[in-house]
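# Secondary and tertiary structure notes
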Amino acid sequence: MDNEPQGLTRNESARPGFPLELFLTMKSKFALLLCTFALFSFVQGQERLQEAIFHRYDKNKDQVVDEKELPDASTRARFDRDEDGKVTLSEFRKTVGIPERGGESSPAEAADSDSANEAVVRYDSFVSSIDANGDGKISREESGGARWFDRVDRDKDGTLGIAELDQVRSLVKRFGERILPEEANAAPEIDRAEVEKVTSGPEILKPGDVGIGRMVPDHSFAALEGETRSLSSLVGENGLIIAMTSATCPVSKRFLSDLLELAKTSQEKGFSMLFVNAFASEEESEIREQLGEHVALVPYLHDRDRSLSRILEAATTTEVFLLDSRRTLLYRGAFNDQYGIDYSINEPRHHYLLDAIEAALAGERPDIAATAAPGCEIDLGGVKGDSEPVTVTYHRDVARILQANCVRCHHDGGIAPFALDDWEEVSDRARVIRRVVEEGTMPPWFAAPPTDGGPSPWINDHSLSPREKKDLLAWLESSEKPMGDPADAPEPIQFPTEWSIGEPDLVVPLSRAYEIKATGFMPYQYDVVETELTEDRWVSAYEVLPSERDVVHHVIIQVFEKGASIRQRAEGAGGYWAAYVPGNGSHQFPEGFAKKLPAGAKIQFQIHYTPSGKAKKERLKLGLVFADKDPQFEVKTIPLADRKLDIPPGAEAHQEGMSRRVTFDLPLTSFMPHMHTRGAAFRYEVTYPDGGQEILLDIPRYDFNWQLRYDLKKPKWIPKGSTLKVTGVFDNSTNNRANPDPTKRVKWGSQTVDEMLIGYIEYFVPVESKSVATR
C-alpha cells in the first residue's frame, strides 16, 4: 500500500491466537470494521468515515467492488441489493444507513478515506504491539511513559480502556497520522546512496587477524642512499611509520604527496618514517625520479628480496604500518579513504593513519586499528616470513596478546577482579586463563562466526584470532612459561584516570547516592535527573561512570523531553538512549552521527545493583561530549520485545520470539540482545520483501553477565517491507546453574528472577532540522 505504517509493527501472524488474526480473511476484516463504526457512530463525520471501508476494497476506484476485490460471496451478498454480484457505493450506503448525497465520491474523497483507513490500521497494530498482557487495555507501563497517555486517559484511572482507545481510533480516522503516538510516526526518508557515500571506504579488518598488538622483529637492510639501517635504529621517540610504495602503481603515486607531507611533520611528533618498495622490477632511476628533491627526506628500502615485506606480511603498495617505540604494531591499512583501485574522491572522509597517530600520542588505541589498503597487490610467494617466533615468550608475545585483548579491564583499578599486566600475575592464573580461553568465555564475545568462513562483520569483535589463541595456549601449557628478553616488552598502557571519552561537556550524576547492601538481592533502582540545558544538543559520545564498579551490573538510560510525565519506564517499552554493562560503558559515534538531547531533558537511570559482599554507597554519573557541528544522521534505538513470555517449569530449550514488519528503509548499525539468567541463545533474522532470508546475528551461547553491543563495520540496509524477527531460547531446567527456580513458570518481569526477551536495534535517520546547538 502507498500509505504503509511508517515504523515497526508487530507481525499479526507471529503468535497463535494473536487478536489481529481476525484480519486474515476479507470477510472478518469487513465485518470487524463495520462493527467498530456501528458501536461508535457518535463520532463527527461518521458517514464519510464509514465510506472508507468501501474505498479500501475498491482498488481500481471505479465506485464498484467486484468479486476480485471482495472474494467472499456471503459478505458481498449482504450489500449487493440488486444481486448482480457487485456492490456499488450506493448499495453500500443504503445497507449501512447513509443517506444518499447525490453523485459519487470524488477521487480526492476516496483518497482521503483510504488514508484515514490506513491510519487506523497503523493505530490498531501499534496498540496491539504494546498491550503486553493482552487484556485489551493499555497501562502506563505498557505505553512506555508515552507523552500522549495522559491526554487519552480521560477518566484518569491510569489505564486506557476500550472506550478510550476506540475514541482515539475515531480521531485517527478524522485526522490521520497527526495524532498517532510518537512511536508509530513516520521516519524521514533516507537515501541509500547518501548512506553508502558516508559509510563507504576500505574494508575494516579484525585487528588480531592481521597482527595488531604484535611485536615487529628487528630487521637490517641497505637503504637506497647506501647506508645500512635497521628498524630499531630508525624508531623515533614515539615510534615508526612504515609506508609501502611504488614508482609505477597508480594508486601509490596518488598517495605520495600525502606521505611526503606527513614526513615533514612526523618528526615533530616523535615518529620516524620509512618507505618500502617491494617491486624488484622497478629501476632505481624510476624511484629517484619519482622522489625528486625529496629523495633524502625519508629513508627508502628497495626491498627486492621482499624480506621486510614478508616480515610485515604487506598486502599492497599503499599499506602503511604504525609501530610504537617498542615496535608494537598499532595500526596497519590505508593512509585514508581518498583513493582506490577504481575511484577517487575530492577529500578523504576518514584519516585512518593520522587518527591512529593522534590516538598513540594520547596513549589510546585507535578506533579503527586495521583496514584493507586499496592498491597494487604484492606477491610474497606464499611465504609467511620470519616474523613468527619459534618459542613464545612473555615479554615479546604474551604480554602483547594480553594488552590487546584483556588488560583494558584486567589492570589495577580496572573493572575486572584482578590484573593481568605482569608475568607473576599471569603465571599464577595460568590455569584459569587457559580454561576461559578454551571454553570461549574470555575475551567476552558470543557472536557466531560467519557461516561462509568470511571475515567478521563486527567492528568491535573481541574474540582472539587463531594465531593469538594458539600462541597464548602454547605459553600457558608450557612448564617453563619463558619470560624472554625484557627489552622486548611492550610499552605499558596508560589508562585514563577518569573519563575514557575525554573531558565531558556535561556531567549528569544521580540525584543521590544509593545504599548497596553487602549481600542478598536488590530490586531495580530508578533515578530521574532534570538537565538545565536551554537548547537542544547533539551528543557525539557518552560514558556511564560508576563510583563503585563491582556493584553495578547494568544501567539503562532513557531521555524524556521537558515537561513529560516521568514514570518507571519498563525495559522493552522503548529504545534506550544510553546503556552500561561491565566492559561496555561508553560509546563514541562516527563522524556525522549523533544522538539528540532535548532542551531541559529529563534523564532516567534504571540501575541494576548487585551486592558484592561489602556494604557500599554508589553514585554513578553520565558524561556527555557535544558534537562540534550538526551531524548528517541522528542515531535512534528500537526494541523488539516479546512481552508475552511463558516459559514452562523445567523446560531446557524453550523457544520464544516475535517479529515486526519494517515499514521504512532501515539502515541498521548495532544490536544489543537482552535476556536474564535463563537466557541460553539469541538470534536476529530478517525476511526481505522478495522472500529471501538472512541471519543478522546469531548468539548460540548467551551470557547474562556480558550484555554486549554488536556493532557492524558497515550499516546493514533493511528495505521497507522486510520483517525483522528475534528469537530467544531459555533454559529453565536444573541443568542451568544460574536458574533462580526451575520449578517456576516464568513470565515477563523486570527483576532477574523473571525473564525478558528484547532485541534492541540501533539505526539512523537523516537530520532534518539544523536548529540543534553544537559545542
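Residues numbered from 1 in each chain as written. Predicted model: local features only at pLDDT ≥ 70, side-chain atom pairs only at ≥ 80, totals over all residues. Heavy atoms only, no water.

### Some points on the pairing of strand 9 (residues 271-277)
Two faces make up the sheet, and in a regular strand the side chains alternate between them. Of all the seven residues making up strand 9, seven are buried; the element is thus mostly covered by neighbouring parts of the structure. Along strand 9, one buried face is formed by Phe271, Met273, Phe275 and Asn277 and the opposite face, lined by Ser272, Leu274 and Val276, is buried too. Two strands pair when backbone bridges link them, and strand 8 (residues 239-245) and strand 9 are joined in this way by seven bridges, in the parallel orientation. Counterpart to Ile241 in the pairing with strand 9 is Met273. Both strand 9 and strand 10 (residues 300-302) contribute to a ladder of three bridges, which runs parallel. When the bridges of strand 10 are listed, Val276 appears paired with Leu301. (Buried < 20%, exposed > 50% of the residue type's maximum accessible area, 1.4 Å probe, protein only. Helix = DSSP H or I, 4+ residues; strand = E, 2+ residues; numbered from the N terminus. Pairing = 2+ DSSP bridges.)

### Some words on the nonpolar core
Core analysis: the biggest nonpolar cluster contains 46 residues, and Leu666, Phe671, Tyr710, Ile718 and Leu724 have the highest contact counts within it. If you list the elements that add at least two residues to this core, you get strand 24 (633-641), strand 25 (654-662), strand 26 (666-674), strand 27 (679-687), strand 28 (693-699), strand 29 (710-718), strand 30 (723-730) and strand 31 (758-766). Among the elements that make up this core, the one with the highest residue count is strand 31 (five residues). Ignoring sequence-local partners within four residues, the contact set of Tyr710 consists of Trp445, Phe446, Ala447, Trp458, Asn460, Thr669, Ser670, Phe671, Pro673, Leu697 and Ile699. Counting 36 residues, the second largest nonpolar core, distinct from the first, contains Val552, Ile557, Ala601 and Trp717. (Core = buried A, V, L, I, M, F, W, Y, C linked by side-chain atoms within 4.5 Å. Contact = heavy atoms within 4.5 Å.)

### Notes on the confidence of the model for the protein
Summarising the model, the protein shows a mean pLDDT of 82, and 79% of its residues fall at 70 or more. Under a pLDDT of 50 for its full length, residues 1-46 has, in the predicted model, 105 contacts with residues more than four places off or in other chains. Counted against residues more than four places away or in other chains, residues 102-122, with its pLDDT under 50, gives 44 contacts. (pLDDT = per-residue confidence, 0-100.)

### Observations regarding the pattern of salt bridges
The full count for this structure, using the stated rule, is 30 salt bridges. As a salt-bridge pair, Arg214 and Asp397 come within 3.8 Å of each other at their nearest N and O atoms. Taken together, the positions of Arg214 in the loop between helix 9 (192-199) and strand 6 (220-222) and Asp397 in helix 15 (residues 394-405) put the pair 183 residues apart, joining distant regions of the chain. Look at Arg214 and you get buried, because its relative accessible area is 10%. Where Glu477 meets Arg434, a salt bridge forms, and the shortest distance between an N and an O atom there is 3.6 Å. Here Glu477, found in helix 18 (residues 466-477), pairs with Arg434, found in helix 17 (residues 430-439); they are 43 residues apart in sequence, far enough to count as distant. The class of Glu477 is partly exposed, set by a relative accessible area of 44%. For Arg434, a relative accessible area of 36% corresponds to the partly exposed category. Here the residues in one salt-bridge network are Arg214, Arg396, Asp397, Arg467, Lys470 and Asp471, joined through shared partners. (Salt bridge = Lys/Arg side-chain N within 4 Å of Asp/Glu carboxyl O.)

### Notes on unusual backbone geometry
In the segment running from Met442 into Pro443, the intervening peptide bond is cis, with an omega of -15°. In this structure, Pro443 sits in the loop between helix 17 and helix 18. In this structure, Glu313 is a non-glycine residue whose phi angle is positive, near 55°. Summarising the element assignment, Glu313 is placed in the loop between helix 13 (307-312) and strand 11 (320-324). Using a relative accessible area of 28% as the deciding quantity, one classes Glu313 as partly exposed. With a phi angle near 65°, Arg327 is a residue other than glycine that sits in the positive phi range. Checked against the element boundaries, Arg327 lands in the loop between strand 11 and strand 12 (329-333). Residue Arg327 is classed as buried on the basis of its relative accessible area, which comes to 13%.

### Quick notes on the environment of Asp505
Following the sequence through the fold, Asp505 ends up in the loop between helix 18 and strand 13 (506-509). In sequence terms Asp505 and Val539 are 34 residues apart; their C-alpha atoms lie 9.5 Å from each other. In terms of polar contacts, Asp505 uses its side chain to reach the backbone amide nitrogen of Phe626, at 2.7 Å. (Polar contact = N/O pair within 3.5 Å; in protein donor to acceptor, adjacent residues only side chain to side chain.)

### Details of the packing of helix 15 against helix 18
The description of two packed helices rests on the angle between their axes and on the distance between the axes. The interhelical angle for the contact between helix 15 and helix 18, taken along N-to-C directions, is 125°, at an axis separation of 10 Å. Between helix 15 and helix 18, the crossing angle belongs to the class labelled oblique. Taken as a pair, helix 15 and helix 18 cross one another with a handedness that is left-handed. When helix 15 is examined against helix 18, the residues Tyr394, Val398, Ile401, Leu402 and Asn405 are found in contact with a partner set consisting of Glu468, Asp471, Leu472 and Trp475. Residues that form the contact of helix 15 with helix 18 fall into these classes: six nonpolar, one polar and two charged. (Axes fitted to C-alpha atoms, helices over the stretch in contact; angles between N-to-C directions. Parallel < 35°, antiparallel > 145°, perpendicular 65-115°, else oblique. Left-handed = near helix turned anticlockwise from the far one by under 90°. Nonpolar A, V, L, I, M, F, W, Y, C, P; charged D, E, K, R; others polar.)

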